[in-house]
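Working through the structure, step by step
The lines below spell out each chain.
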Amino acid sequence: MANGTNGMRLVLLLILGLAVSACSHREQAIIGVQNPNVPIEEIAGTKTHDIYVLTTRQPSADPTLMFSGQRGDLSYARVTVTIPPNHEPGRMERPKRLPPNPKKEMTVIDPVRFSGERQFVTDINKAIRAAPDEEDSILIFVHGYNTTFTDAVVRLGQFVEDSGFEGVPVLFSWASAGKLTDYVYDLNSALAARTALIEGSDTLIGTNAKAINLVAHSMGNFLSVEAMKQARMQNRFDSSGKLRNIIFASADIDVDVFAEQMAVFDPSERKFYVLISEDDKALSVSRFLARGVNRVGDADVATLDALGVTVIDLTKVEDTNSTNHTKFADSPQAVQILGNEMLKGDSLHTGTVEPGVLGNIFVDMTNAAQSSISPGG
């Protein structure tokens, strides 16, 4: 009887997961693919964003995929994401067919693989010099579960565009299989990438950037926090003083595990922003699998506030995705707040906001009482 019950639980989990999964779409072989009938340089209003890449994925034999879901050594690369003139904040205009139509769809062009760390750093320093004086910063994005390399690149391109970030965006792409049924494989890939994330972060610290921000999504938070915990225990966490903001969006971390992770950081070091949403359907699947234990991304404000982090509740903020798992990027209001208040300044200003009340910044920008901010102790 027990085996039957467990089998039913697994079937229900997979059905629910299929219904609500939003971390990924079917893998698109679009990297470096251009439409000969619609030259990008002739389209007025097109925007481009160079995305630098640190990845533990193996190179793919298919150049239009660039990197696979297999685990490999740390590699260095760069691609360019194009944003169509009709782009709407909070949306990813994915190609519907090949070749992509850059008038209406996002494309990924000009892939470059660097020979090693030195060439990678040299190229980033050029990009830093070309950025506005006040934007000599780096944004590291760590994607989540069930995400292909192309998914991650397109997501970061959209986030950079909608947040207005003008520094240098860097994607840390760990070896997610990009398949709904490979949750355990992805979890182990995330764990296997901890040291690489530390090494990659050290590489970025060695550039001419004056500040570094980190945004992690979903399972990417588990990887990020584990890497930071490892670095902290080695007395390497933010040893350069360049870390500005660390943002955990829809974190797929057991809330009890998160409490243990936070314990290694001094209260003064817990300058972490945790974006939560009670209606996150994807995290409800993880919670179901975890026998009802909340994930950090859908935990209650009081529990997280007691850990000394700053909680930003996006439950009532609307986004363009029905699963509510990517509000950090799919909500026009949220992504603009992150860009205007966090990625362009020293930190999100929460000094006038009291725990448990509506955040003034979110009220002003959404024109409604749609979220709350609670500064951690």
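Residues numbered from 1 in each chain as written. Predicted model: local features only at pLDDT ≥ 70, side-chain atom pairs only at ≥ 80, totals over all residues. Heavy atoms only, no water.

**What about the overall build of the protein?**
Per the secondary structure count, the protein includes 12 helices and 10 strands. Buried residues in the protein amount to 57% of all 377 residues. Surface summary for the protein: the accessible area is close to 16,100 Å², and the carbon and sulfur share equals 50%. (Helix = DSSP H or I, 4+ residues; strand = E, 2+ residues; numbered from the N terminus. Buried < 20%, exposed > 50% of the residue type's maximum accessible area, 1.4 Å probe, protein only. Areas by Shrake-Rupley, 256 points an atom, 1.4 Å probe, with all protein chains shown as cover.)

**Observations concerning the environment of Glu105**
Along the polypeptide, Glu105 turns up in the loop between strand E2 (67-83) and strand E3 (107-113). Judged by relative accessible area, which is 8%, Glu105 ranks as buried. For the pair Glu105 and Thr82, spaced 23 residues apart in sequence, the C-alpha separation works out to 8.3 Å. Discounting residues that sit within four places of it in the chain, Glu105 has contacts with Thr82, Pro84, Glu93, Arg94, Pro95, Lys96 and Pro100. Looking at Glu105, its side chain comes within polar contact range of the main-chain nitrogen of Lys96, at 2.9 Å. (Contact = heavy atoms within 4.5 Å. Polar contact = N/O pair within 3.5 Å; in protein donor to acceptor, adjacent residues only side chain to side chain.)

**Details of the packing of aromatic side chains**
How two aromatic rings sit relative to each other is set out by the distance from centre to centre and by the angle between their planes. Within this structure, the stated rule accounts for 13 aromatic pairs. An angle of 5 degrees between the planes, with centres 6.4 Å apart, marks the rings of Tyr52 and Phe114 as stacked. Taken as a pair, Tyr52 in strand E1 (residues 47-59) and Phe114 in the loop between E3 and helix H2 (117-130) lie far apart in primary sequence, 62 residues in all. Side by side, Tyr52 and Phe114 carry an identical accessibility label, which is buried. Between the aromatic rings of Tyr76 and Phe120, the centroid separation amounts to 5.1 Å while the plane-to-plane angle is 50 degrees, which identifies the pairing as tilted. (Phe/Tyr/Trp six-rings, centres within 6.5 Å; stacked < 30°, edge-to-face > 60°.)

**Concerning the packing of helix H6 (residues 219-233) against helix H7 (residues 255-262)**
Close contact between H6 and H7 brings their axes to 10 Å; oriented N to C, the two are set at 25 degrees. Considering the angle they form, H6 stands roughly parallel to H7. Taken as a pair, H6 and H7 cross one another with a handedness that is left-handed. Within the contact between the two elements, H6 uses Phe222, Val225, Glu226 and Lys229 and H7 uses Val257, Phe258, Glu260, Gln261 and Met262. (Axes fitted to C-alpha atoms, helices over the stretch in contact; angles between N-to-C directions. Parallel < 35°, antiparallel > 145°, perpendicular 65-115°, else oblique. Left-handed = near helix turned anticlockwise from the far one by under 90°.)

**Some words on the pattern of salt bridges**
One pass over the structure, following the stated rule, counts 14 salt bridges. Of the charged contacts, one joins Arg91 and Glu88 as a salt bridge, the two residues approaching to 3.3 Å between their closest N and O atoms. For Arg91, a relative accessible area of 40% puts it in the partly exposed group. Taking the relative accessible area as the measure of exposure, Glu88 reaches 43% and is therefore partly exposed. By sharing partners, the salt bridges in this structure join Arg232, Asp266 and Glu269 into a single network. (Salt bridge = Lys/Arg side-chain N within 4 Å of Asp/Glu carboxyl O.)

**Overview of helix H3 (residues 149-163)**
Over its 15 residues, H3 extends 21 Å from the first C-alpha to the last, a length consistent with the 21 Å expected when each residue adds 1.5 Å. Of all 15 residues that make up H3, 15 are buried, and the element is covered over most of its length. Count one or two residues on from H3 and you reach Gly164, which has phi positive near 75 degrees. (Expected span 1.5 Å × (residues − 1).)

**Remarks on a positive patch on the surface**
Where like charges cluster on the molecular surface, the positive patch consists of Lys96, Arg97, Lys103 and Lys104. Residue placement: Lys103 occurs in the loop between E2 and E3. A relative accessible area of 49% places Lys103 in the partly exposed class. (Patch = residues over 30% accessible without salt bridge, like charges linked within 9 Å, V, L, I, M, F, W, Y side chains within 5 Å. Lys, Arg positive; Asp, Glu negative; His and termini not counted. Charge placed at Lys NZ, Arg CZ, Asp CG, Glu CD.)

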